[in-house]
Amino acid sequence: IRVEFLDYEAIADRGWDLEDDRLFAKAADADLAPADHGRLLVEPDESLLEAAENRGFSWPFSCRGGACANCAVYLVEGELSQPANHILSEEHAERGFRLSCNGYPLSDELKVVFNVKHLPELDELRL
Ligand code: FES
């Protein structure tokens, strides 16, 4: 399963909009550092966070149990399962927020923004 990822900090630094349809095209044009924008593969038994870690990336996390939202990502394309979620509201989920610590890809391709814990609305949830 192929995942294209983008760091929320790169979006915030440039004043881009999370819901901009051209977000990933802009990222590709901006020549960002490999840790900020790139691709990784997720094996079937890996959560998204585990896959990022196993490929050498350091994405934020804390509890690994669906309770803190430090590992939250925003889905731009594709679907991620959410077996345990004790922190994000249904409204967050509907808008595309997921927890990467226990989120397993349900589609062959995904585009995600990681590090969205810095969004003000998620920042206030974090423990
Ligand atoms: Fe705490 Fe994922 S690391 S919810």
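A brief report on the enclosed structure follows. (Residues numbered from 1 in each chain as written. Predicted model: local features only at pLDDT ≥ 70, side-chain atom pairs only at ≥ 80, totals over all residues. Heavy atoms only, no water.)

### Some thoughts on the overall build of the chain
1) Next: Each helix and strand counted, the chain has five helices and five strands in total.
2) Next: Listing the helices and strands of the chain from first to last along the sequence gives β-α-α-β-α-β-α-β-β-α.
3) Next: Out of the 127 residues in the chain, the part that is buried amounts to 47%.
4) Next: Restricting to contacts in the chain with at least 6 residues of sequence separation, those with at least 24 account for 62%. (Helix = DSSP H or I, 4+ residues; strand = E, 2+ residues; numbered from the N terminus. Buried < 20%, exposed > 50% of the residue type's maximum accessible area, 1.4 Å probe, protein only. Contact = heavy atoms within 4.5 Å.)

### Quick look at the sheet that holds strand S4 (residues 97-99)
1) Next: In spatial order, the strands read S2-S1-S5-S3-S4; together these five strands make up an open sheet with mixed pairing. The open sheet has two edge strands with one neighbour each: strand S2 (37-41) and S4. Going across the sheet, the axis of each strand differs from the next one's by a mean of 35°, ignoring polarity.
2) Next: Direction of pairing for strand S3 (residues 72-77) relative to strand S5 (residues 109-114): antiparallel, over a ladder of four bridges. Residue pairing for S5: Tyr74 is matched across the bridge by Val113. (Pairing = 2+ DSSP bridges. Axes fitted to C-alpha atoms, helices over the stretch in contact; angles between N-to-C directions.)

### A few points about the packing of aromatic side chains
1) Next: Under the criterion given, the structure shown has five aromatic pairs.
2) Next: With centroids separated by 5.3 Å and ring planes inclined at 55°, the aromatic side chains of Tyr74 and Phe97 adopt a geometry described as tilted. Highlighted residues: Tyr74 in strand S3 and Phe97 in strand S4, separated in sequence by 23 residues. Take Tyr74 and Phe97: they sit in the same class, and that class is buried.
3) Next: Aromatic ring contacts, followed pair by pair, group Phe5, Phe57, Trp59 and Phe114 into a single cluster.
4) Next: Above the face of the Trp16 ring, Arg14 is positioned so that its terminal group lies 5.7 Å from the ring centre. (Phe/Tyr/Trp six-rings, centres within 6.5 Å; stacked < 30°, edge-to-face > 60°. Lys NZ or Arg CZ within 6 Å of the ring centre and 35° of its normal.)

### As for the nonpolar core
1) Next: Counting residues in hydrophobic clusters, the biggest one holds 39 residues, and the most contacted among them are Leu40, Trp59, Val112, Val113 and Val116.
2) Next: Those residues in contact with Val112 that sit more than four places away from it in its chain are Val3, Glu4, Phe5, Leu6, Phe24, Leu48, Trp59, Val73, Tyr74 and Leu75. (Core = buried A, V, L, I, M, F, W, Y, C linked by side-chain atoms within 4.5 Å.)

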